[in-house]
Amino acid sequence: MDVNLRLRNWAGLSELVLDLICKKLPSFSDCLRFSVVCKPWFSFVFNNCDALKQRVKSGSLEELPILMICTDPDHIATTITSLYSATKGKIIENLTIPLGLQLWKFCGSSHGWLAFQYIECLSIILYNPFSTKTIPLPNLHFTVRKIIISKNPSTNPNDFEVVATINVWNRLHELAILKPDAGTWIFTRYNNIFAGAICDMIYYNETYYAVTYGGRVLCIDGTSLNLKEIFEPPSIMNSFPFTKFYLVKTSTYELLRVQISFPRDNPSSRVKISKLVASKTTQKSMFSELDNLGDEALFLCDYGSVSISTSKFSRFIPNSVYYVDNDLRLELPGNQFIFDIIHLQYGSFRTHFSFK
């Protein structure tokens, strides 16, 4: 070992340096291991325990798949939930959310924040389950299907936007945008009655993208705030009674459009994935179909999707889609959820686990 490295006063590192090191640690358990090296490091972690715990968990939620399972929804005032870590394959924490699901509807997860809408007056709040902080938003006066946030409100309290899909029969192609410090929502529409309702949306590369049940991909123009179509797919095969589309960002920052066809027990069920690219001739956006994800594994559900590299997490199967269908529980005995694995090479479903 280099003599200078051995003689360096590692125990005398400044708090700024120790804080920068802790920012790189992927879990709070790593912070605890870091703290047992020497007394000064232990003292730093002990004095900043709450802040480190919150920061590590909030950051992890953006990159690692964590499934929130509602274990006791019957309380009027609170809801008991469990967090299932797909990377560890077990329940990692139990949470009490101070909202009863009899009165509040869950409608999205972004940057570790949960979005809820009050069923009676349609008010909306953002809730952080780790810091227990709440951000009230202006009433939207429409039922919301999904909400996404552009930036983490914890680190950008005055510089984040909120976008909501409106779930009203005669406003199928409309999104509502809430700008920073704005008191009202701005509405934007897409006037194509054949496009189908908006199925999913994502904030990617400082642009909002949406995909319809017809497979069309739209984006919000940053200047006019109008919805414009950037991709119209070929006709969807009629052999599938139902198809869902999702938008997800990979660990290498590519945007994917994922098509999942049903019924689930049909041997011909399969997944189609395409990647956003620029045409070499026209330089316009288009989606190019992929036949392989490499070492990526996608985690998809109606309220938020993530992608990870299986080279970093060997527990997962590469070139696969882990999928929770929120509508499937209505067809199963005991109101169950099914967490499926869809391997792209074989085009078949395999159940990872099921739970009520």
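The text that follows walks through the structure, step by step, so that each part is easy to find. (Residues numbered from 1 in each chain as written. Predicted model: local features only at pLDDT ≥ 70, side-chain atom pairs only at ≥ 80, totals over all residues. Heavy atoms only, no water.)

Points about the packing of aromatic side chains
Part 1 of the reasoning: Inspection of every chain in the model, using the stated rule, returns 13 aromatic pairs.
Part 2 of the reasoning: Ring centres of Tyr203 and Tyr208 lie 4.7 Å apart, and the angle between their planes is 50°; on these two criteria the pair is classed as tilted.
Part 3 of the reasoning: With relative accessibility at 24%, the residue Tyr203 sits in the partly exposed group.
Part 4 of the reasoning: The exposure class of Tyr208 is buried, given its relative accessible area of 9%.
Part 5 of the reasoning: Measuring from centroid to centroid gives 5.3 Å for Phe231 and Phe287, while their planes differ by 55°, and the two rings are tilted. Of this pair, Phe231 sits in strand E15 (residues 227-231) while Phe287 sits in strand E19 (residues 285-290), and the two are 56 residues apart along the sequence. The burial state of Phe231 is the same as that of Phe287; both residues are buried.
Part 6 of the reasoning: Joined through ring pairs, the aromatic side chains of Phe106, Phe116 and Tyr303 make up one cluster. (Phe/Tyr/Trp six-rings, centres within 6.5 Å; stacked < 30°, edge-to-face > 60°. Buried < 20%, exposed > 50% of the residue type's maximum accessible area, 1.4 Å probe, protein only. Helix = DSSP H or I, 4+ residues; strand = E, 2+ residues; numbered from the N terminus.)

Some thoughts on the pattern of salt bridges
Part 1 of the reasoning: All told, the structure shown has 6 salt bridges when counted by the stated rule.
Part 2 of the reasoning: Asp159 serves as the salt-bridge partner of Lys151, at 2.7 Å between the closest nitrogen and oxygen.
Part 3 of the reasoning: In this structure, Glu161 engages Lys179 in a salt bridge whose closest nitrogen and oxygen atoms are separated by 2.9 Å. On the criterion of sequence distance, the pair formed by Glu161 in the loop between strand E8 (144-149) and strand E9 (162-166) and Lys179 in the loop between strand E10 (174-178) and strand E11 (186-189) is long-range, its members being 18 residues apart. (Salt bridge = Lys/Arg side-chain N within 4 Å of Asp/Glu carboxyl O.)

With respect to the sheet that holds strand E6 (residues 124-127)
Part 1 of the reasoning: As summarised here, the arrangement of the 4 strands in space is E4-E5-E6-E7, forming an open sheet in which the pairing is antiparallel. Strands with a single pairing partner mark the edges of an open sheet, and in this sheet they are strand E4 (104-110) and strand E7 (134-137). Here the strands of the sheet are splayed against their neighbours by 25° on average, with no regard to which way each runs.
Part 2 of the reasoning: Pairing analysis gives 4 bridges linking E6 to E7, with the strands arranged antiparallel. Residue pairing across strands places Leu126 opposite Ile135, the latter belonging to E7. (Pairing = 2+ DSSP bridges. Axes fitted to C-alpha atoms, helices over the stretch in contact; angles between N-to-C directions.)

Things to note about the pairing of strand E14 (residues 217-220)
Part 1 of the reasoning: Across the two faces of E14 the burial is the same, with Val217 and Cys219 and Leu218 and Ile220 all buried.
Part 2 of the reasoning: The pairing of strand E13 (residues 207-212) with E14 spans 3 bridges and is antiparallel. If you follow Val211 over to E14, its bridge partner there is Val217.
Part 3 of the reasoning: Between the end of E13 and the start of E14, which pair antiparallel, lie 4 residues, with Gly215 showing a positive phi angle near 90°.
Part 4 of the reasoning: Pairing analysis gives 4 bridges linking E14 to E15, with the strands arranged antiparallel. Bridge pairing in E15 places Leu218 opposite Glu229.

A few points about the side chain of Ser320
Part 1 of the reasoning: For Ser320, the location among the structural elements is in strand E22 (residues 320-324).
Part 2 of the reasoning: Within the structure, the side chain of Ser320 is placed 3.4 Å from the backbone oxygen of Ile317, a separation counted as a polar contact.
Part 3 of the reasoning: In this structure Ser320 touches Leu293, Glu296, Ala297, Leu298, Ile341, Ile342 and His343, once residues within four positions along its chain are discounted. (Polar contact = N/O pair within 3.5 Å; in protein donor to acceptor, adjacent residues only side chain to side chain. Contact = heavy atoms within 4.5 Å.)

Quick notes on unusual backbone geometry
The phi torsion of most residues other than glycine is negative, and most of the peptide bonds are trans.
Part 1 of the reasoning: The phi dihedral of His141 falls on the positive side, at around 65°, and the residue is not glycine.
Part 2 of the reasoning: Tracing the backbone shows His141 in the loop between E7 and E8.

Quick look at the environment of Leu344
Part 1 of the reasoning: Mapped onto the secondary structure, Leu344 falls in the loop between strand E23 (337-343) and strand E24 (348-355).
Part 2 of the reasoning: Remark: the alpha-carbon pair of Leu344 and Val321, spanning 23 residues in sequence, is separated by 7.6 Å.
Part 3 of the reasoning: Setting aside residues no more than four positions away along its own chain, Leu344 makes contact with Val271, Ile273, Leu293, Asn319 and Val321.

Overview of the sheet that holds E11
Part 1 of the reasoning: Pairing is antiparallel in the open sheet, where 4 strands are placed in the order E8-E9-E10-E11. Looking at strand neighbours, the two that pair on one side only are E8 and E11, the edges of this open sheet. Taking the axes of each pair of neighbouring strands and ignoring which way they run, one obtains an average angle of 25° across the sheet.
Part 2 of the reasoning: Pairing geometry for E9 and E10, over 4 bridges, is antiparallel. Directly across from Val162, in E10, lies its bridge partner Leu178.

What to know about helix H4 (residues 39-47)
Part 1 of the reasoning: Within the span of H4, buried status applies to Trp41, Phe44 and Val45. Within H4, the buried residues cover an arc of 95° as seen down the axis, which keeps them to one side. In H4, the exposed residues that point more than 90 degrees away from the buried face are Lys39, Phe46 and Asn47. (Arc of directions from axis to C-beta.)

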